[in-house]
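# Summary of the model geometry
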Amino acid sequence: MKLEALLDTVTSLTANDKGLLAMDESNSTCNKRFAKLGIPQTKAARGAYRELIVSTPCLRNCISGAILYSETIGQQKQDGTPIVRALSEVGIIPGIKVDIGAKDLAGHPGEKITEGLDGLRDRLHDYSQMGARFAKWRAVIAIGEGLPSRGCIEANAQALARYAALCQEAGLLPIVEPEVLMDGYHSMAKCSEVTEEVLRTVFHHLHTQRVVLEAMILKPNMVVPGLHCPLQDGVDQVAEATIACFLRTVPAAVPAVAFLSGGQSAELASARLSAMNGCFRSEAPWALTFSFARAIQQPALEIWRGQESNIKAAQHALYHRALCNQAARRGQYSIAMDEPISNGTVSGDANGE
């Protein structure tokens, strides 16, 4: 019965060219973004912002699931409605980030290990009781001189696999997120090389831990050049390199690849996803979808700035970005979709179906 429910969750999360909204920023990360925009770094402000997101009209048209943070899953809207219930009532499946962050990996300067396995079985049970139907765990892999080390890749892959197995045991769909970071001067070819090694290792450990591949979603980075690389490959080149890498490493049994944005601009993340679906959708055995955070939220956050009078405009911007990424899932996004933003209007209708 658990497997049947997990498969139903996968189907619901990937249907109708919808994608996931990652709103699982830790309090410290959220506060840093607020500080840059002059927004108070308080629990009340974070709650108001998250209510703005989940109350966005018709967001369900483009978003199938929302990944929450531990603070958010217990919060309520101003009218007393729990955030989880508010999402569920409009057909958006609530999920939860369950790792406790990346910490320094002992003996490996410059590298991180994601922690949170201790007590995870009990926490998963609690989150399930609160209404979560899926979970997420993020591992981070840095590229640099002599990095990543084999020890770092192995440790993070094993942790991801153990987390995924515990999720399936608890009846929660695991989202497995091995992120090769964009920071650095490395080329796209180097990113491809590291991403391939990471994914091969992750799937080896998933197999070892008896994780059912049909009942998980992979949330990886795209294959892109480092942010400071002098050569920034074009959208089509990134799409081709990403699909080629994944065809070599991601089993066809995996139902969906939900890309993270990883510091890309909102427009570029949409364009690259659209190119993958436009050129390679028939070749890819998995759904090519999105699980973006900043690439959906940032324009709305910059409009809102903590002001109640800006809520409606911020919600329009949020819905617009969700629409753009739904179009990208269909291979139909173009930069022209974003041109009305600069004129103070938003493509699409946030008040209609």
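Not measured: the values here are computed from a predicted model.

The N-to-C vectors of helix H11 (residues 294-304) and helix H12 (residues 311-329) enclose an angle of 165 degrees; their axes lie 8 Å apart at closest approach. Between H11 and H12, the crossing angle belongs to the class labelled roughly antiparallel. H11 and H12 meet at a crossing whose hand is right-handed. Where H11 abuts H12, its residues Ala295, Ile296, Gln297, Pro299, Ala300, Ile303 and Trp304 lie against Ile311, Ala313, Ala314, Ala317, Leu318, Arg321 and Asn325. Split by residue class, the contact of H11 with H12 holds eleven nonpolar, two polar and one charged.

Ranked by internal contacts, the top residues of the largest apolar core, which has 100 residues, are Ile63, Val98, Tyr163, Leu206 and Phe259. In terms of residue count, the dominant contributor to this core is helix H7 (residues 150-170) (ten residues). Beyond its immediate stretch of four places on either side in the chain, valine 98 contacts Leu120, Arg123, Leu124, Tyr127, Ala135, Lys136, Trp137 and Tyr163. In terms of nonpolar packing, the next biggest core, distinct from the first, is built from 16 residues, Ile93, Phe134, Ala215 and Ala256 among them.

Turning next to the confidence of the model for the chain. On average, residues of the chain carry a pLDDT of 95, and 96% of them reach 70 or more. At the level of individual helices and strands, the chain shows its lowest average pLDDT in helix H13 (residues 339-342), which scores 58, and its highest in strand E8 (residues 217-218), which scores 99. A low-confidence stretch, residues 341-353 (pLDDT under 50), is modelled with 25 contacts involving residues beyond four sequence positions or located in other chains.

In the structure shown here, the tally under the stated rule is 20 salt bridges. Between arginine 46 and glutamate 71 there is a salt bridge; the shortest N-O distance is 2.9 Å. Placement of the pair is arginine 46 in helix H3 (residues 43-54) and glutamate 71 in helix H4 (residues 70-73), with a sequence separation of 25 residues. Across the pair glutamate 71 and arginine 50 runs a salt bridge, and its minimum N-O distance is 2.8 Å. Placement of the pair is glutamate 71 in helix H4 and arginine 50 in helix H3, with a sequence separation of 21 residues. Summarising the burial analysis for this pair, glutamate 71 and arginine 50 share the class buried. Residues joined in a network through salt bridges with shared partners are Asp24, Lys136, Arg138, Glu177, Glu179 and Lys219.

Turning our eyes to something else, we now look at the layout of surface pockets. Computed from the structure, the largest pocket encloses a volume of approximately 1000 Å³. Surrounding the largest pocket, 37 residues form its lining, Thr29, Arg33, Arg138, Glu179 and Arg294 being those nearest its centre. For the lining of the largest pocket, the element with the most residues is helix H2 (residues 27-36), which contributes five residues. Class assignment for the residues of the lining of the largest pocket results in eleven nonpolar, ten polar and 16 charged.

Taking 1.5 Å per residue as the helical rise, helix H1 (residues 2-14) with its 13 residues ought to reach 18 Å, and the 19 Å between its terminal C-alpha atoms agrees with that figure. Where H1 is concerned, the buried positions are Leu6, Thr9, Val10, Leu13 and Thr14. Looking straight down H1, one finds its buried side chains confined to an arc of 115 degrees; they lie on one side. One or two positions beyond H1, positive phi appears at asparagine 16, with a value near 60 degrees.

Criteria and thresholds
Residues numbered from 1 in each chain as written. Predicted model: local features only at pLDDT ≥ 70, side-chain atom pairs only at ≥ 80, totals over all residues. Heavy atoms only, no water. Axes fitted to C-alpha atoms, helices over the stretch in contact; angles between N-to-C directions. Helix = DSSP H or I, 4+ residues; strand = E, 2+ residues; numbered from the N terminus. Parallel < 35°, antiparallel > 145°, perpendicular 65-115°, else oblique. Left-handed = near helix turned anticlockwise from the far one by under 90°. Contact = heavy atoms within 4.5 Å. Nonpolar A, V, L, I, M, F, W, Y, C, P; charged D, E, K, R; others polar. Core = buried A, V, L, I, M, F, W, Y, C linked by side-chain atoms within 4.5 Å. Buried < 20%, exposed > 50% of the residue type's maximum accessible area, 1.4 Å probe, protein only. pLDDT = per-residue confidence, 0-100. Salt bridge = Lys/Arg side-chain N within 4 Å of Asp/Glu carboxyl O. 1 Å grid on protein atoms, 1.4 Å probe; cavity = no way out; pocket = protein on both sides within 12 Å on 5 of 7 lines; lining within 4 Å. Points joined across faces, edges and corners; volume = space filled by probe spheres on them. Expected span 1.5 Å × (residues − 1). Arc of directions from axis to C-beta.

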